[in-house]
Amino acid sequence: MKQSKKRIWLILVICFVLASSLVQALSPSSQYKNIDYKYRGKSLTLASQLCDTNKLPLHLTHAMRYIGYREYKNNSGNFVDWLLESCNIKPGSHASWCAGFVSKMMDLAKVTSPSKRTALAQGYRTKESIKARDVKFGGVKLKQNTWYLVIWQKGTTSFGHIGFLLIHNNNYYYVIEGNGATGTSGDQSNGGMVVLRSRRIEPNAYFRITWFTEIKYNGT
């Protein structure tokens, strides 16, 4: 009789553990707890000073929801795996997730263009993308009431970084970036957190903004 009770308790414990694991797997973002609340508070205050955050398009509304969220370890954790799902990257891949962040937010918002979803930042360059150098020196202006992806490149390599343009003010571009750094030191494309940063176009830098790609809903 005692052995039967022990078996029943053991089965219940196993069922509870399996159920908890399933919940965590299905909703990694809600289970994720590694958040820098101090940085998040400052960034949300800054965003409200820059623009009317109640009138943002859906991709930015979703992106702002995750400002301050950090990876668990370098390019890993439930949050990172959840983001990279949109790029068809398997969990535990340790892939850099800046492009995974924009992919997931655009999927949540049902963005139609760009339609491609890739973990490579440079993959979001299209035939219609605007050169940052032309914006800096060529008199080309970003359209009003239009939203953009901001794309970086490292030297002449295929590697870079990507984020959402929140607003541009004179020569400063305020960008929401996944896997970004909070300051100017360290790897700017592998900082480990969703951040809101002010950036500038510096065409001669190794790590630099190179392209702006327009974001569209239903082709408009």
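Bear in mind the structure is a predicted one, so any value in this text is a computation, not a measurement. (Residues numbered from 1 in each chain as written. Predicted model: local features only at pLDDT ≥ 70, side-chain atom pairs only at ≥ 80, totals over all residues. Heavy atoms only, no water.)

Visitor: Provide a residue-level description of the overall build of the protein, including the pertinent values.
Guide: Helix and strand content of the protein: seven helices and six strands. Reading the helices (α) and strands (β) of the protein from amino to carboxyl end gives α-α-α-α-α-α-β-α-β-β-β-β-β. A sequence separation of at least 24 residues applies to 60% of the contacts in the protein between residues at least 6 apart. As displayed, the protein offers around 12,500 Å² of accessible surface, 53% of which is attributable to carbon and sulfur atoms. (Helix = DSSP H or I, 4+ residues; strand = E, 2+ residues; numbered from the N terminus. Contact = heavy atoms within 4.5 Å. Areas by Shrake-Rupley, 256 points an atom, 1.4 Å probe, with all protein chains shown as cover.)

Visitor: Which residues make up the confidence of the model for the protein, and what values go with them?
Guide: For the protein, per-residue confidence averages 89 on the pLDDT scale, and 85% of positions sit at 70 or higher. Across residues 17–27 the pLDDT falls below 50, and counting only partners more than four positions away or on other chains, this stretch makes three contacts in the model. (pLDDT = per-residue confidence, 0-100.)

Visitor: Describe the pairing of strand β5 (residues 193–199), with residues and values.
Guide: Across the seven residues that make up β5, a large majority, six, are buried. Pairing of strand β4 (residues 172–180) with β5, which is carried by six bridges, proceeds in the antiparallel orientation. Within the sheet, the bridge partner assigned to V175 lies in β5 and is R197. (Buried < 20%, exposed > 50% of the residue type's maximum accessible area, 1.4 Å probe, protein only. Pairing = 2+ DSSP bridges.)

Visitor: An account of the side chain of R199 is requested, with residue identities and associated values reported.
Guide: Checked against the element boundaries, R199 lands in strand β5. Residue classification places R199 among the buried residues on the basis of a relative accessible area of 9%. Here the side chain of R199 touches Q188 through a polar contact of 2.9 Å, side chain to side chain. The contacts of R199, once residues within four sequence positions are left out, are W152, N171, Y172, Y173, V175, E177, Q188, F207 and I209. (Polar contact = N/O pair within 3.5 Å; in protein donor to acceptor, adjacent residues only side chain to side chain.)

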